[in-house]
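Understanding the architecture of this molecule
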Amino acid sequence: MAATTTEEEDASELKLGADFEKAKCLMNSEVAVILERKYEQLQQLPDPANQVSQVFEKSLQYVKRFSRYQNPNAVKQVREVLSRNQLAEFEVCVIGNLCPDTLEEAKALVPSLAKRSKSDDDEDGITDEKIEQMLADLATIKKFE
């Protein structure tokens, strides 16, 4: 039975399973912004019962460590660049987290991109030129962050 589930789920074809069909994915940078704001709010509270848990602190440390973008405005720009390029939520987050430099690297890290890549833009595909432009836009955001 487990083999059937594994065969049905395939990230390279964006088949992530029922749990992820309508899920909104967040990049590490977005989670870091959310947790940082919550942390600041908790620090303002005088009630000792609202102290930050160890799990919360470790989660915040993790996402800050692996976030490619620190500035909240840059994080927003990254989401906008990736979202306007016909990418699935999963692809947006993988690219936003891993920040590939080249088209080949992007396709290797996100196999679904390679499968959806088209020579001419259609409904289900994205051209190599669009992917390269998207990566260039992300590099620019990172450079001026």
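Rules used in this analysis
Residues numbered from 1 in each chain as written. Predicted model: local features only at pLDDT ≥ 70, side-chain atom pairs only at ≥ 80, totals over all residues. Heavy atoms only, no water. Helix = DSSP H or I, 4+ residues; strand = E, 2+ residues; numbered from the N terminus. Polar contact = N/O pair within 3.5 Å; in protein donor to acceptor, adjacent residues only side chain to side chain. Contact = heavy atoms within 4.5 Å. Phe/Tyr/Trp six-rings, centres within 6.5 Å; stacked < 30°, edge-to-face > 60°. Core = buried A, V, L, I, M, F, W, Y, C linked by side-chain atoms within 4.5 Å. Buried < 20%, exposed > 50% of the residue type's maximum accessible area, 1.4 Å probe, protein only. Salt bridge = Lys/Arg side-chain N within 4 Å of Asp/Glu carboxyl O.

Overview of the side chain of Asn85
As for its position among the elements, Asn85 is in the loop between helix 4 (72–83) and helix 5 (89–98). A polar contact is formed between the side chain of Asn85 and the backbone oxygen of Val81, at a distance of 2.6 Å. Excluding its chain neighbours within four sequence positions, the residues that come into contact with Asn85 are Ile126, Lys130 and Met134.

Regarding the packing of aromatic side chains
Evaluated as defined, the whole model comprises two aromatic pairs. Here Tyr62 and Phe66 contribute two aromatic rings whose centre-to-centre distance is 4.8 Å and whose plane-to-plane angle is 50 degrees, an arrangement assigned as tilted. Of this pair, Tyr62 and Phe66 both sit in helix 3 (residues 54–66), four residues apart, roughly one helical turn.

Concerning the nonpolar core
The nonpolar side chains of soluble globular proteins are, as a tendency, buried together. By size, the foremost hydrophobic cluster in this structure holds 25 residues, and its most contacted members are Tyr69, Leu82, Leu87, Ile95, Leu113, Ile131 and Leu138. Elements supplying a minimum of two residues to this core: helix 4, helix 5, helix 6 (103–109) and helix 8 (128–143). Not counting residues within four places of it along the chain, the set of residues in contact with Leu82 comprises Met27, Leu87, Val92, Ile95, Gly96, Met134 and Leu138. Within the second largest apolar cluster, seven residues are counted, among which are Ala32, Leu35, Leu42 and Phe56.

Structural notes on the pattern of salt bridges
Note on pairing: side chains with opposite charge can pair once their charged atoms come close. If you walk through the whole model with that rule in mind, you get seven salt bridges. With a closest N to O distance of 3.2 Å, Lys64 and Glu36 form a salt bridge. With Lys64 in helix 3 and Glu36 in helix 2 (residues 28–44), this residue pair connects regions lying 28 residues apart in the sequence. For Lys64, a relative accessible area of 39% puts it in the partly exposed group. The exposure class assigned to Glu36 is partly exposed, which follows from its relative accessible area of 23%. With a shortest N-O distance of 3.5 Å, Arg84 and Asp137 are connected by a salt bridge. Taken together, the residues span a long stretch of sequence, with Arg84 in the loop between helix 4 and helix 5 and Asp137 in helix 8 at a distance of 53 residues.

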